[in-house]
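Chain and residue survey
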Amino acid sequence: MKTTAKKMSVFQLTTMVAANMLGAGIIMLPTNLAQVGTISVLSWLVTAVGALVLAYIFAQAGMFSTKRGGVGGYAEYRFGKTGHFMANYAYSISLIIANIAIAVSAVGYGAVFFGVDLNAIQMSEAAIVLLWFAAILNFRGNRFTGQLSNLTIWGAIVPVLVIGTLGWFWFNPDTYMAAWNPNDLPFFDAIKQSIALTLWGFLGFESAAANADAVENPKKNVPIATVAGTLAVAVIYILSTNVMAGIVPNVDLLNSNAPFGLTFVYMFNDTVADIVMAAMVISCFGALLCWQFTLSRVFKSCAEHGYFPKVFARVNSKDAPVRGVFILLAIETAITLFTADDSLRQQFENLVNLAVVTNVFPYVLCILAVTTMMRQEGAAEVKVKRFAPVAMFGVAYCLYAIYACGVDAMMGSAIAIGIGFVTYMVRKAWLHRRQVGLQQSID
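Residues numbered from 1 in each chain as written. Predicted model: local features only at pLDDT ≥ 70, side-chain atom pairs only at ≥ 80, totals over all residues. Heavy atoms only, no water.

Points about the overall build of the chain
Selection criterion: The way it works is that DSSP assigns letters per residue, a run of H or I at least four long becomes a helix, a run of E at least two long becomes a strand, and they are numbered from the N terminus. Based on C-alpha atoms, the radius of gyration is set beside the globule rule, defined as 2.2 Å times the residue count to the power 0.38. Only protein chains enter the accessibility calculation, which uses a 1.4 Å probe; a residue is then buried when its area is under 20% of its type maximum, exposed when over 50%, and partly exposed in between. When checking whether two residues touch, look at their non-hydrogen atoms; a contact exists if any pair is within 4.5 Å. To be clear on the numbers: accessible area is Shrake-Rupley with a 1.4 Å probe, and residue cover counts the displayed protein chains and nothing else.
Across its full length, the chain holds 18 helices and 0 strands. Taken against the 2.2 N^0.38 rule, which gives 22 Å for 443 residues, the C-alpha radius of gyration of the chain at 22 Å falls within 12% of a compact globule. Taken along its principal axes, the extent of the C-alpha atoms in the chain is 80 × 45 × 40 Å. Counting over 443 residues, the chain shows a buried share of 57%. A fraction of 83% describes how many contacts in the chain between residues 6 or more apart in sequence connect residues 24 or more apart. Just so you have it, the chain exposes about 18,000 Å², and 66% of that area is on carbon and sulfur atoms.

Laid out in structure tokens, this is it:
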């Protein structure tokens, strides 16, 4: 079905990239990082460098690639159609998991805001309602999602900027240093334990590539949105989370379902904290809206290329794949109920680790494909050779991030990715036999 739906501008795409990272990545991070202590600032520095390198790599891919399909199109340059499928399949699985984590985060803040105590099932049911609402709002089209994300992101930006600037007046160096390494972890273990959480905060920089088909002039605008969004969010993350650790005692952060609201209680009062929590819920919902949009676009693109069932490519007059979205919502609903946990922090962390490992896998495929892409698209050999060490660093960083997420996350992701690979190969063999049979009947 052809459509004349309007596309996003570069500003809207950059805002969406930032919203995907900031709106969901930050609101529960202070609580989870409190397990490790303020020594996690070292992980922030490592992750910020790694994320910027990855953003630069994806920016290069965005400039040279002429294939459609986002991360799958990038991977196809080196790994063919199998690589295209596996990159987008793994990315899709990670988005499904990440969306659930985002919804759970929003529910945690909402519960504190309304003063209600939810058990694990109630928490999951509320998260499911948010997932459905965010997905259905996307039925209004690409530009509507971009415009709404431009508004909701301020719900996270304003509180974070207030903490990063005015928060220094409440910052206590003794409070910060008392939380440096509460568990007396060895240096490298402390970095390893928080690397998955800090990388989670940057997941989303690649969403510009995933949404390339929905933006004006993607070869120019995708690289701009990728690097600009990642750089801005890196500064915001490092400043805000470390200032908070010097305002709120570590034990209080550790036990909070709404760490930003708690910080504003220490800085001002309960009324201001309630306003902040409401704003953060709105921002988190905006990020969920963007991620549900990105998820539907990835499935739509794969369906158009013949990798996923055609139902995911069927769109309405606003270019929204309505039928496919309902299938994805059914999957998200089942996983949300399956992963329910009485501890919001534990549920969030489990989902984050699984999402990070599954998401990093397509990163590796894309990074390994970029040099091949550059050569095929006519880049000078000198430029390709200069880029090669950057790509090697990117792969090394990704492998370390996978290792840091732990055995359980690696096993869960390996099973999910393995199922996808087997399914693809079985379908490929079936299509080949069918084609041979048709050819023989013609002969």
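After presenting the structure, the write-up continues.
Brief notes about the packing of aromatic side chains
Stated precisely, the cut-off is as follows: The aromatic pairing rule takes the rings of Phe, Tyr and Trp, using the six-membered ring of Trp, and pairs them if the centres are within 6.5 Å, calling planes under 30 degrees apart stacked, those over 60 edge-to-face and the rest tilted.
Evaluated as defined, the whole model comprises 21 aromatic pairs. Ring geometry for Tyr56 versus Phe387: centroids 6.4 Å apart, planes at 40°, classification tilted. On the criterion of sequence distance, the pair formed by Tyr56 in helix H3 (residues 41–64) and Phe387 in helix H17 (residues 381–404) is long-range, its members being 331 residues apart. Residue classification places Tyr56 among the partly exposed positions, given a relative accessible area of 37%. Look at Phe299 and Phe308: their rings are 4.8 Å apart centre to centre, the planes differ by 45°, and that puts the pair in the tilted class.

Details of the packing of helix H9 (residues 187–202) against H17
Test applied: Helix axes use the C-alpha atoms of the stretch in contact, all axes being lines fitted to C-alpha atoms, and the angles between their N-to-C directions lie in the range 0 to 180 degrees. Should an angle fall under 35 degrees it is taken as roughly parallel, and over 145 as roughly antiparallel, whereas 65 to 115 is taken as roughly perpendicular and any remaining angle as oblique. We call Asp, Glu, Lys and Arg charged. Ala, Val, Leu, Ile, Met, Phe, Trp, Tyr, Cys and Pro are nonpolar, and the rest, Gly among them, are polar.
The N-to-C vectors of H9 and H17 enclose an angle of 100°; their axes lie 8 Å apart at closest approach. Relative to H17, the element H9 is oriented roughly perpendicular. In contact with Phe188, Ile191, Lys192, Ile195 and Leu199 of H9, H17 contributes Tyr397, Tyr400, Ala401, Tyr403 and Ala404. Its residues assigned to classes, the contact of H9 with H17 comprises 9 nonpolar, no polar and 1 charged.

Remarks on helix H14 (residues 270–304)
Condition: Multiply 1.5 Å by the residue count of a helix minus one, and that product is the helix's expected span. Polar contacts here mean pairs of N or O atoms no more than 3.5 Å apart (in protein, one a potential hydrogen donor and the other a potential acceptor; neighbouring residues in sequence count only if both atoms are side-chain atoms).
Relative to the 51 Å expected for 35 residues at 1.5 Å per residue, H14 spans 51 Å between its end C-alpha atoms, a close match to the ideal helical length. Here H14 lies mainly inside the structure; 26 of its 35 residues are buried. Backbone nitrogen of Thr271 and a side-chain oxygen of the N-cap are separated by 3.1 Å at the start of H14; the cap is Asn269. Looking one or two places after H14, you find Gly306, whose phi comes out positive at around 85°.

Details of the pattern of salt bridges
The test is simple: Salt bridges are identified by distance alone: a Lys or Arg side-chain nitrogen within 4 Å of an Asp or Glu carboxyl oxygen.
A complete count under the given rule lists 3 salt bridges for this structure. Measuring nitrogen to oxygen at the nearest pair gives 2.8 Å for the salt bridge that ties Glu381 to Arg375. The exposure class assigned to Arg375 is partly exposed, which follows from its relative accessible area of 46%. Each member of the salt-bridge network shares a partner with another, and the members are Arg68, Lys300 and Glu304.

Some remarks on empty space enclosed by the protein
Rule in force here: In this analysis a 1.4 Å probe is tested at points of a 1 Å grid over the protein atoms alone, and where it fits but cannot get out there is a cavity; an open set with protein on both sides within 12 Å along at least five of seven lines is a pocket; lining residues have an atom within 4 Å of a point. Grid points are joined across faces, edges and corners, and a volume is the space filled by probe spheres set on the points.
Under the counting rule described, the total for this entry stands at 5 cavities of 30 Å³ or more. Of the pockets and cavities examined, the largest cavity occupies roughly 120 Å³. The wall of the largest cavity is formed by 13 residues, among which Leu33, Thr38, Ser40, Thr241 and Ala245 lie closest to the centre. Residue assignment for the lining of the largest cavity shows that the elements contributing at least two residues are helix H2 (29–33), helix H11 (218–245) and helix H12 (250–254). Of all the elements, H11 adds the most residues to the lining of the largest cavity, at 4 residues. Its residues placed into classes, the lining of the largest cavity shows 7 nonpolar, 6 polar and no charged.

Let's talk about the layout of surface pockets
The calculated volume of the largest pocket comes to roughly 750 Å³. If you go around the largest pocket, you meet 31 residues; those closest to its centre are Ile93, Ile97, Ile335, Leu354 and Ala416. Within the residue set of the lining of the largest pocket, elements represented by two or more residues are helix H4 (71–114), helix H15 (322–338), helix H16 (344–376) and helix H18 (407–442). Here the lining of the largest pocket takes 8 residues from H18, the largest share from any one element. Residues of the lining of the largest pocket, tallied by class, amount to 21 nonpolar, 8 polar and 2 charged.

Structural notes on the confidence of the model for the chain
Put simply, the rule is: Per-residue confidence from the predictor is reported as pLDDT, a score between 0 and 100.
Confidence along the chain averages 84 in pLDDT terms, with 95% of residues attaining 70 or more. By mean pLDDT, the top-scoring element of the chain is helix H8 (residues 173–178) (94), and the lowest-scoring one is helix H10 (residues 207–210) (71).

Things to note about a nonpolar patch on the surface
So the rule is basically this: To count toward a patch, a residue needs a relative accessible area above 30% and no salt bridge. Like charges then connect within 9 Å, nonpolar side chains (Val, Leu, Ile, Met, Phe, Trp, Tyr) within 5 Å.
Judged by side-chain polarity, Leu166, Phe169, Trp170 and Phe268 come together as a nonpolar surface patch covering roughly 430 Å² of accessible area. For Phe268, the position within the fold is in the loop between helix H13 (259–267) and H14.

So, H4
Think of an α-helix as turning once every 3.6 residues; residues three or four places apart then point the same way. Selection criterion: What is called the bend at a residue is the angle between a pair of axes, fitted to the seven residues leading up to and ending at it and to the seven starting from it.
A rise of 1.5 Å per residue sets the reference length of H4, with its 44 residues, at 64 Å; its end C-alpha atoms lie only 40 Å apart and thus fall more than 12% short of the reference. At Phe79, H4 is deflected by roughly 150°, the largest bend along its length. Of the residues one or two after H4, Gly115 is the one with positive phi, at around 70°.

Remarks on the environment of Ala135
Among the secondary structure elements, Ala135 is positioned in helix H5 (residues 120–137). Ala135 sits in the buried class, given a relative accessible area of 5%. Residues within four places of Ala135 in sequence aside, it is in contact with Gln292, Val325 and Leu329.

Let's talk about the state of the cysteines
The following threshold applies: In what follows, a disulfide is any cysteine sulfur pair within 2.5 Å.
Here the structure, examined in full by the defined rule, presents 0 disulfides. The cysteine Cys302 is free of any disulfide, with Cys366 supplying the nearest cysteine sulfur at 12 Å. You can call Cys302 buried: its relative accessible area is 0%. The cysteine Cys366 is free of any disulfide, with Cys398 supplying the nearest cysteine sulfur at 9.7 Å.

Quick look at the side chain of His84
Along the chain, His84 turns up in helix H4. For His84, a relative accessible area of 0% corresponds to the buried category. Contacts of His84, omitting those with residues within four sequence positions, involve Arg68, Gly69, Gly72, Gly73, Ala75, Glu76, His305 and Tyr307.

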